[in-house]
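So the chains spell out like this:
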Amino acid sequence: RSVNIVAFGNERDGFSEDNQQPSLIWSYLGRSALISQIDSSLSASHVGNPVFTEYQACVFGNVRLVVHDCRVWDIFDSDWYTSCRLIGGADIIVIKYSVNDKTSFQELKDSYVPMVKKALNHCSVPVIISAIGARKNEVPCTCPLCTSDRRSCVTASEGVQLAKELGATYLELHTLNDFYIQKYFGGVLEYFMIQSLNQKSSEKMKKRKKTQKCRRVQPPQLEQPEKMPILKGEASHYNADLHNLLCCCQCADVAFYTEDLSTVVEAHKIILCSVSHLFMLLFGVKSPSDAHDASVVQLAQSLFTVQAGDPFPSSPRAVPPCVPPVRVVVKDSVFCSCLPDILHFIYSGAFQWERLEEDIRKKLKDPDKTEHVLEKVKCILKTPGKLNTVKDCKSHQIKQLYNTSLRLFFNTPVLADVIFKIQGATVPAHRAVLVARCEVMAAMFNGNYLEANSIQVPVYGVSKDTFLSFLEYLYTDSCCPASILQAMSLLICAEMYQVMRLQHICELYIITQLQSMPSRELASTSLSIVSLLKKAKFHNSDCLSTWLLHFIATNYLIFSQKPEFQELSVEERNFVEMHRWPSNLYLKQLADYRNYIHSQKCHCTVM
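Reading the values: the criteria
- Residues numbered from 1 in each chain as written.
- Predicted model: local features only at pLDDT ≥ 70, side-chain atom pairs only at ≥ 80, totals over all residues.
- Heavy atoms only, no water.
- Helix = DSSP H or I, 4+ residues; strand = E, 2+ residues; numbered from the N terminus.
- Buried < 20%, exposed > 50% of the residue type's maximum accessible area, 1.4 Å probe, protein only.
- Axes fitted to C-alpha atoms, helices over the stretch in contact; angles between N-to-C directions.
- Parallel < 35°, antiparallel > 145°, perpendicular 65-115°, else oblique.
- Left-handed = near helix turned anticlockwise from the far one by under 90°.
- Contact = heavy atoms within 4.5 Å.
- Nonpolar A, V, L, I, M, F, W, Y, C, P; charged D, E, K, R; others polar.
- Arc of directions from axis to C-beta.
- pLDDT = per-residue confidence, 0-100.
- Salt bridge = Lys/Arg side-chain N within 4 Å of Asp/Glu carboxyl O.
- Pairing = 2+ DSSP bridges.
- Core = buried A, V, L, I, M, F, W, Y, C linked by side-chain atoms within 4.5 Å.
- Phe/Tyr/Trp six-rings, centres within 6.5 Å; stacked < 30°, edge-to-face > 60°.
- Lys NZ or Arg CZ within 6 Å of the ring centre and 35° of its normal.
- Lys, Arg positive; Asp, Glu negative; His and termini not counted.
- Polar contact = N/O pair within 3.5 Å; in protein donor to acceptor, adjacent residues only side chain to side chain.
- Expected span 1.5 Å × (residues − 1).

Draft legend 1. Up close: the overall build of the chain. The helix and strand tally for the chain stands at 28 helices and 14 strands. Looking at the 607 residues of the chain, the share that counts as buried comes to 46%.

Draft legend 2. A look at the packing of helix α24 (residues 529–538) against helix α25 (residues 542–554). Where α24 contacts α25, the axes come no closer than 8 Å and their chain directions differ by 155°. By the angle between their axes, α24 is roughly antiparallel relative to α25. As for how α24 packs across α25, the hand of that crossing is left-handed. Side by side, α24 and α25 meet where Ile529, Val530, Leu532, Leu533, Ala536 and Lys537 of the first sit next to Leu544, Ser545, Leu548, Leu549, Phe551 and Ile552 of the second. Of the residues assigned to the contact of α24 with α25, the class counts are 10 nonpolar, 1 polar and 1 charged.

Draft legend 3. Fine view of helix α19 (residues 439–446). The set of residues buried in α19 consists of Met441, Ala442, Met444 and Phe445. Projected down its long axis, α19 carries its buried residues within an arc of 165°, all on one side.

Draft legend 4. Inspection of the confidence of the model for the chain at higher detail. Model confidence for the chain is summarised by a mean pLDDT of 82, while 83% of its residues fall at 70 or above. Note on residues 309–319: pLDDT under 50 across the span, and 27 contacts to partners over four residues away in sequence or across chains. Of the regions scoring below 50 in pLDDT, residues 391–403 engages in 39 contacts with residues more than four places distant in sequence or in other chains.

Draft legend 5. Local environment of the pattern of salt bridges. Using the criterion set out here, one finds 14 salt bridges in the structure. Glutamate 572 is the partner of lysine 534 in a salt bridge, and the nearest nitrogen-oxygen pair spans 3.3 Å. Of this pair, lysine 534 sits in helix α24 while glutamate 572 sits in helix α27 (residues 570–579), and the two are 38 residues apart along the sequence. Taking the relative accessible area as the measure of exposure, lysine 534 reaches 33% and is therefore partly exposed. Residues joined in a network through salt bridges with shared partners are Asp241, Arg437, Asp477 and Arg501.

Draft legend 6. Layout of the packing of helix α15 (residues 353–364) against helix α16 (residues 367–381). Between α15 and α16, the least distance of the axes is 9 Å, while the angle of their chain directions is 145°. Remark: the crossing between α15 and α16 carries right-handed chirality. Along its contact with α15, which presents Trp353, Leu356, Glu357, Ile360, Arg361 and Leu364, the element α16 presents Lys369, Thr370, Val373, Leu374, Val377 and Lys378. Residues that form the contact of α15 with α16 fall into these classes: 7 nonpolar, 1 polar and 4 charged.

Draft legend 7. Main features of the environment of glutamine 106. Following the sequence through the fold, glutamine 106 ends up in helix α4 (residues 102–120). With relative accessibility at 31%, the residue glutamine 106 sits in the partly exposed group. Remark: the alpha-carbon pair of glutamine 106 and glutamate 158, spanning 52 residues in sequence, is separated by 9.9 Å.

Draft legend 8. Structural view of the sheet that holds strand β10 (residues 304–306). Taken together, 4 strands build an open sheet; the order of strands is β9-β8-β11-β10 and the sheet is mixed. Each edge of the sheet is formed by a strand with only one pairing partner; in this case those strands are β9 (264–267) and β10. Between one strand and the next, the sheet's axes are offset by a mean angle of 25°, whatever the strand orientation. Pairing of strand β8 (residues 254–257) with β9, which is carried by 4 bridges, proceeds in the antiparallel orientation.

Draft legend 9. Broad picture of the environment of glutamine 566. Along the chain, glutamine 566 turns up in the loop between α26 (556–559) and α27. Placed 36 residues apart in sequence, glutamine 566 and valine 530 show a C-alpha to C-alpha distance of 9.3 Å.

Draft legend 10. Inspection of unusual backbone geometry at higher detail. With an omega of 0°, the peptide bond between tryptophan 581 and proline 582 qualifies as cis. With respect to the helices and strands, proline 582 occurs in the loop between α27 and α28 (584–602). One non-glycine residue with positive phi stands out, namely glutamine 423, at about 50°. By secondary structure assignment, the location of glutamine 423 is in the loop between β12 (418–422) and β13 (425–429). Residue classification places glutamine 423 among the exposed residues on the basis of a relative accessible area of 61%.

Draft legend 11. Representation of the nonpolar core in the model. One finds Phe420, Phe467 and Phe470 to be the most contacted residues of the largest nonpolar core, which totals 116 residues. For this core, the leading source of residues is helix α21 (residues 484–496), giving 8 residues. If sequence neighbours within four positions are ignored, phenylalanine 470 has contacts with Cys438, Met441, Leu490, Cys493, Ala494, Tyr497, Val499 and Leu502. Counting residues in hydrophobic clusters, the runner-up holds 33 residues, among them Ile87, Ile93, Tyr112 and Ala163.

Draft legend 12. Quick look at the packing of aromatic side chains. One pass over the full model with this rule turns up 20 aromatic pairs. On the numbers, 6.2 Å between centres and 80° between planes, the contact of phenylalanine 304 with phenylalanine 335 is edge-to-face. Within this pair, whereas phenylalanine 304 is found in strand β10, its partner phenylalanine 335 is found in helix α13 (residues 333–337), the two being separated by 31 residues in sequence. Looking at phenylalanine 304, the relative accessible area reads 3%, which means it is buried. Here the aromatic rings of phenylalanine 467 and tyrosine 497 are separated by 6.3 Å at their centres, their planes lie at 55°, and the arrangement is tilted. With phenylalanine 467 in helix α20 (residues 464–476) and tyrosine 497 in the loop between α21 and α22 (500–515), this pair connects stretches of sequence that are 30 residues apart. Here a set of aromatic residues connected by ring pairs shows up, and it is made of Phe256, Phe279, Phe283, Phe304 and Phe335. The cationic tip of arginine 327 hangs over the ring face of tyrosine 257; the distance from NZ or CZ to the ring centre is 4.6 Å.

Draft legend 13. Expanded view of the sheet that holds β13. The strand order β13-β12-β14 describes an open sheet built from 3 strands, whose pairing is mixed. Strands with a single pairing partner mark the edges of an open sheet, and in this sheet they are β13 and β14 (456–458). Strand-to-strand, the axes of this sheet are offset by a mean angle of 30°, without reference to chain direction. Across 5 bridges, β12 lies against β13 in antiparallel orientation. Bridge pairing in β13 places isoleucine 419 opposite proline 428.

Draft legend 14. Spotlight on the side chain of glutamate 190. Residue position: glutamate 190 is located in helix α7 (residues 178–211). In this structure, glutamate 190 is buried with no salt-bridge partner, the nearest side chain bearing the opposite charge being lysine 183 at 8.8 Å. One polar contact links glutamate 190 to tyrosine 28, side chain to side chain, over a distance of 2.8 Å.

Draft legend 15. Structural detail: α21. Between the first and last C-alpha of α21 there are 18 Å, a value that for 13 residues agrees with the 18 Å anticipated at 1.5 Å per step. Taken as a whole, α21 has its buried residues at Ile484, Ala487, Met488, Leu490, Leu491, Ile492, Cys493, Ala494 and Glu495. Remark: glutamine 498 follows α21 within two positions and exhibits a positive phi of approximately 60°.

This is the structure in structure tokens:
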């Protein structure tokens, strides 16, 4: 017997300095008198990005307890298939958040709760919502100037409303002490554990009674269908792509110089503006009146100067690729000497703060100068009008900036230097992002091709909506197709431009959607699975085409009745017949069994 628990969310607020504070799940496992033989292991999609921690223990003596603690919600964005599998196998779901982190709660409510609902798919799995922490502004000030502070905490009514949307049990844990962990949270969790075990025991008894009804002649055993090939998601190389862009200096449109013009460091406006409002001011994306923070304007004027006489555009609109980079003089010589390290930090995702500190400390070998440079970096990265929190953040606590900030420049003419013409419409883009994220476009814009010196580039063989979804992936490293057909169109576009990770994401989406279809819907749908198979083969999607063949064979009784079944090639038909489910042997045994039952019913019991 076993109980599976899946926990999502982070109980610590984003400004907490106590990184050693144990999590809610670990605290419960360590303090509960019913738990024994605890074991934990870390599961990760790739190095440096932990997805969930798995705990195994014993509860109620001999019941196996398996807990998956997902501290970040990114699993829903990066690996929808794994998140659905976790929720599908869960007996209990725990959603936790900090009452002092309103931003994370709002993201949870707007983005991830709908995904959890979709993954549950009307399953009656108990959900516990745990609001953790004591509100720092329990008695809010009534001053009109403090109204923003009242929004920094999550109120109890907001938590109760979220629980109603999910049909969940709402708990408030003001602190992770023995009372709240064992008596309050533990009592509710153990109640649902007992309910789950009782339900499983009841289902097991029902199955046992069914097998005991007919002992003389057993019906033929239907074997499980063959296991379909499993597609594994490819790890993201988003930050590595942008960091390589800095190393190769392709499509650079800004050059930083020392005051004596002896040293030059090249970079890209789009990347710098995506992480800093200061660079937006420097390159004309924003005006000083839009900054709302005088310190950012002052720092930009004191630290940088756009050299006079350069072809600096008056507005950040599309410029020809032949225009030389904007020349920017760095007035601070100490800061300028560390500029290569700072750019590597920014292009690597702006989250490896400890490494930046170490690199600058080794280069300058002066604590005062090191602190001077780091303070300027923090001012460059801070959001105007908000407190600067970069100093106290660790690498694993800061979310990657590009997948949210580069979205601001997606499908906008701001800083754009290329325009795609597709289906009579125009789509602005940025060569630096395209070259960094797509090898085909890198060759197109840097080789001996017409597109290398053209602002307008025509696109053929793909719809505007599909191409926009493709560009959105290049900018944000994520995509969410609206349907199987749209996912197939995006897969074709990804294959055209050789973006393999996007192709794998589309494959996983198609597989997940088809697997979730009930048999009745599969029989009545107008979607042609054979047509998907043909397209997958034509566009070199070997994993998807193999999976679709297994899918047709597994659902043989449904697809064999459809006209599209005749469109299969001889080789494909032979494969389906060989791996069909149920097999011909089983159908023959089933027919013999039915004939036997019929003969027994017709036979006179008196004679």
